[in-house]
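Chain by chain, the residues:
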Amino acid sequence: LLAAGEVRALSFSAYPYQTLMANLNPDDVLLVVCSVLTRFGDEKLVIEDENGREKPVPGASEIKIARELRTIAANDERDGAHSISFIREGILDGVEQLGYSVILSPSQLINGEFETIGHLVEHLMASSSEILA
Amino acid sequence: MNILMAVSRFLILAVLWGSVVSAAEPVQIEFRFSTIDRNPPRNFQKPGFPKLPLEIIQLDFKVAGHENKAEVRLSGGDFDPGQPSSYRLIVTEKGKAPREIPILAVDPRGPHVRAGRAAEILLLPKELPKQTQGAEFKIELAHTLTFDLPTQSEVQIPPNTFALDAKALETNRKYTAPLSTENKIEVLNGTGGGQASLHYHVRQNQIKTGDWLHVDLDVKADVSLASDDKHRYFDSIVAEFDAFRAYNFGRGSADEQGHAEFGLASRFESDRDFANMNVTAGLAYQVYFKNRVTTGLHHLVAKDELGVAPLFVFAYDYVGHISQSDETPDTGDQRLRAGFYWSLPLFREVRVPFLDVADGDFLIAAEALYDVEQGILTDNTKLTLDLRQHTEKKDGWSYNVTYARGRATPTYKNFDALLFGIKKWF
């Protein structure tokens, strides 16, 4: 087994080239997503632990977001705001700070592809790849 | 002997169980358009490949009952998911014959790769048509795909064709293409010279680095070159310039916090006859304000939904009427606008006639407009009771009753109405 954080090139028979080890922690990604979305939502998604560090609220993965993201996109259209861009950029920035790049398109956010926060986190995990220095 | 019989019965049961599970766990493949506008994969960075933003096609495997996609393994066989030649992208543009666009590179992503598992694969097409309206996109798989599931069962998907949603491509371009400059002049078909359109869009986007200013300039002009219309030249022209600052306020865990945008928005617009030409310039402040009151009300009914925090909008617009037709009523040059938008959840999963199980919301959209010179205050208020079929799918019905009052543009006549609506989501 590889130690956490270790980067090593592996090969897999189905893919004719080498790819990288990924050690992205889903709890870290969940905190990134909650920290961004909590700015736009009615529900609180982030609380502080006893040390004053922010963490997701219990059950955050199950919270539904699809309709809310559509509403925010509609508000952007009506008032000329840029909230969907900031949500997307905020998530991409947060995961980049963890050392990974992910694929997240505006259409995926707006078209209801992610029913819950957990679905969004799962997609970010699956589409992640480590950024090389 | 008894032991041998017991073992053989167990093996038979295990095989039967595996088959049943296989039938109950169909693998779904979804192809969709996505965009990469930062950190492209290494194998998407070869010389001659498109530059950022990269328009890609995302291939996504889903297995019912296995939310963790990393549990699904593409077992290879004749189909090699890592080879561009395994996929054919066929595009049919409006009024043109179908054509194949080469796939330049393939990239499997994520922690699934470590265990030899595949969940998402990215395909990089050589180029995609600029005009997506009316275009059809299809992906063909040349060989059978075989998946190994965690239950030791196997699922095969025969060679197939999958359609892609062109609207997703259009949406992505709207958000990501402005990150670069696009200059386009094209002459469309027509008689006596045809039509030309010019689109110039540039965005200086500092969102990533968090700098103060973001700038967005967009100019669109449709020009008529037809001999009958030469005196008009422009069919329409719109120029828009936005400069704004966006920021978060309050700690992420605070009761009172949110996201705000403050900025300048200006716009010039004209119709084809130049009978109506306006130029507007103004300031706007928009804020999503999370607070204890609305959070508490929302949490009482729908704590498993994010909800959208109340949105407040304050704006000042200067409207310069360069020319105005006789049919348009007189309005002043300066307007103030304030808006409040919020959705209060009323109930969840309650039995309602015609909808079976339904969710209910009360939508508030209140807007006040003040014409500074005419001294006229107009309130455009819309209160909606929305009943929506509670379904896991996105294709339910919804009924709504709306009370609306105010003045409708462009006639500015008063209206006061109770409206009933039926919607079908699909």
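Right above here is the structure, for reference.
Caption draft 1: Quick peek at the overall build of chain A. A count of helices and strands for chain A gives five helices and six strands. Along chain A, helices and strands appear, N-terminal first, in the series β-β-α-β-β-α-α-β-α-α-β. Considering chain A as a whole, with its 133 residues, one finds that 56% of them fall into the buried category. In chain A, of all internal contacts separated by at least 6 residues, the share reaching a separation of at least 24 is 55%. Put simply, chain A shows about 5300 Å² of open surface, and 51% of that area lies on carbon and sulfur atoms.

Caption draft 2: Representation of the nonpolar core. Leu37, Ile87 and Ile117 of chain A are the most contacted members of the largest nonpolar core, which has 42 residues in total. For this core, the elements supplying multiple residues, two or more each, are helix H1 (26-37), helix H2 (66-79), helix H3 (83-97), helix H4 (106-110) and helix H5 (117-126) of chain A together with strand E18 (311-323) of chain B. At seven residues, H1 of chain A tops the list of elements feeding residues into this core. Not counting the four nearest positions on each side in its chain, leucine 37 of chain A is found in contact with Leu45, Ile65, Leu69, Ile87 and Ile117 of chain A together with Leu306 of chain B.

Caption draft 3: Focus on the interface of chain A and chain B. Every contact between the two is made by 68 residues of chain A and, on the other side, 89 residues of chain B. Both sides of the chain A and chain B interface together cover about 6700 Å² of buried area, and 49% of this is carbon and sulfur. Our count for the contact surface shared by chain A and chain B stands at 13 salt bridges. The salt bridge involving glutamate 48 of chain A is made with arginine 251 of chain B; its shortest N-O contact spans 2.6 Å. Linking chain A with chain B are 36 residue pairs in polar contact (both at pLDDT 80 or more), by the criterion used here. When residues in the side of chain A that touches chain B are grouped by element, the largest group, nine residues, is from H3 of chain A. Within the side of chain A that touches chain B, the residues separate by chemical class into 28 nonpolar, 21 polar and 19 charged.

Caption draft 4: Geometry of the packing of aromatic side chains. Per the counting criterion, the structure on display carries six aromatic pairs over all chains. Measuring from ring centre to ring centre gives 5.1 Å for phenylalanine 31 of chain B and phenylalanine 162 of chain B, while their planes differ by 45 degrees; the resulting arrangement is tilted. Taken together, the positions of phenylalanine 31 of chain B in strand E1 (residues 27-36) and phenylalanine 162 of chain B in strand E11 (residues 161-164) put the pair 131 residues apart, joining distant regions of the chain. Since its relative accessible area comes to 8%, phenylalanine 31 of chain B is described here as buried. Classification of phenylalanine 162 of chain B by relative accessible area gives buried; the value is 14%. Seen from their ring centres, phenylalanine 249 of chain B and phenylalanine 289 of chain B are 6.3 Å apart, and the 25 degrees between their planes marks the pair as stacked. Here the residue phenylalanine 249 of chain B occupies a position in strand E15 (residues 234-249), and phenylalanine 289 of chain B occupies one in strand E17 (residues 277-290), the gap between them amounting to 40 residues. Take phenylalanine 289 of chain B: its relative accessible area is 29%, and that puts it in the partly exposed class. Positioned above the aromatic ring of tyrosine 341 of chain B is the side chain of arginine 78 of chain A, whose terminal nitrogen or guanidinium carbon lies 3.4 Å from the ring centre.

Caption draft 5: Local environment of the environment of serine 129 of chain A. Considering the arrangement of structural elements, one finds serine 129 of chain A in strand E6 (residues 129-130). In this structure the C-alpha to C-alpha distance between serine 129 of chain A and asparagine 111 of chain A, which are 18 residues apart in sequence, comes to 24 Å. Once residues lying within four places of it in the same chain are set aside, the contact partners of serine 129 of chain A are Gly99, Tyr100 and Ser101 of chain A together with Arg109 of chain B.

Caption draft 6: Focus on unusual backbone geometry. All names here are of chain B. Note the cis peptide between leucine 52 and proline 53, where omega equals -5 degrees. Within the secondary structure, proline 53 sits in the loop between E1 and strand E2 (54-63). The phi torsion at asparagine 39 lies on the positive side, around 45 degrees, for a residue other than glycine. Here asparagine 39 lies in the loop between E1 and E2. Despite not being glycine, glutamate 349 has its phi angle at roughly 55 degrees, a positive value. Considering the arrangement of structural elements, one finds glutamate 349 in strand E19 (residues 334-352).

Caption draft 7: Layout of the pattern of salt bridges. One pass over the structure, following the stated rule, counts 35 salt bridges over all chains. For the salt bridge of glutamate 96 of chain A with arginine 38 of chain B, the shortest nitrogen-to-oxygen distance reads 3.0 Å. With glutamate 96 of chain A in helix H3 and arginine 38 of chain B in the loop between E1 and E2, this residue pair bridges two chains. For arginine 88 of chain B, the salt bridge identified is with glutamate 140 of chain B, shortest N-O distance 2.9 Å. Here glutamate 140 of chain B lies in strand E8 (residues 136-141) and arginine 88 of chain B lies in strand E4 (residues 87-92), a separation of 52 residues in the sequence. Looking at arginine 88 of chain B, the relative accessible area reads 36%, which means it is partly exposed. A network of salt bridges, in which partner residues are shared, links Arg67 of chain A together with Glu305, Arg348, Asp359, Asp361, Asp386 and Arg388 of chain B.

So, how was this worked out
Residues numbered from 1 in each chain as written. Chains lettered and ligands numbered in written order. Predicted model: local features only at pLDDT ≥ 70, side-chain atom pairs only at ≥ 80, totals over all residues. Heavy atoms only, no water. Helix = DSSP H or I, 4+ residues; strand = E, 2+ residues; numbered from the N terminus. Buried < 20%, exposed > 50% of the residue type's maximum accessible area, 1.4 Å probe, protein only. Contact = heavy atoms within 4.5 Å. Areas by Shrake-Rupley, 256 points an atom, 1.4 Å probe, with all protein chains shown as cover. Core = buried A, V, L, I, M, F, W, Y, C linked by side-chain atoms within 4.5 Å. Buried area = accessible area lost by both parts, 1.4 Å probe. Salt bridge = Lys/Arg side-chain N within 4 Å of Asp/Glu carboxyl O. Polar contact = N/O pair within 3.5 Å; in protein donor to acceptor, adjacent residues only side chain to side chain. Nonpolar A, V, L, I, M, F, W, Y, C, P; charged D, E, K, R; others polar. Phe/Tyr/Trp six-rings, centres within 6.5 Å; stacked < 30°, edge-to-face > 60°. Lys NZ or Arg CZ within 6 Å of the ring centre and 35° of its normal.

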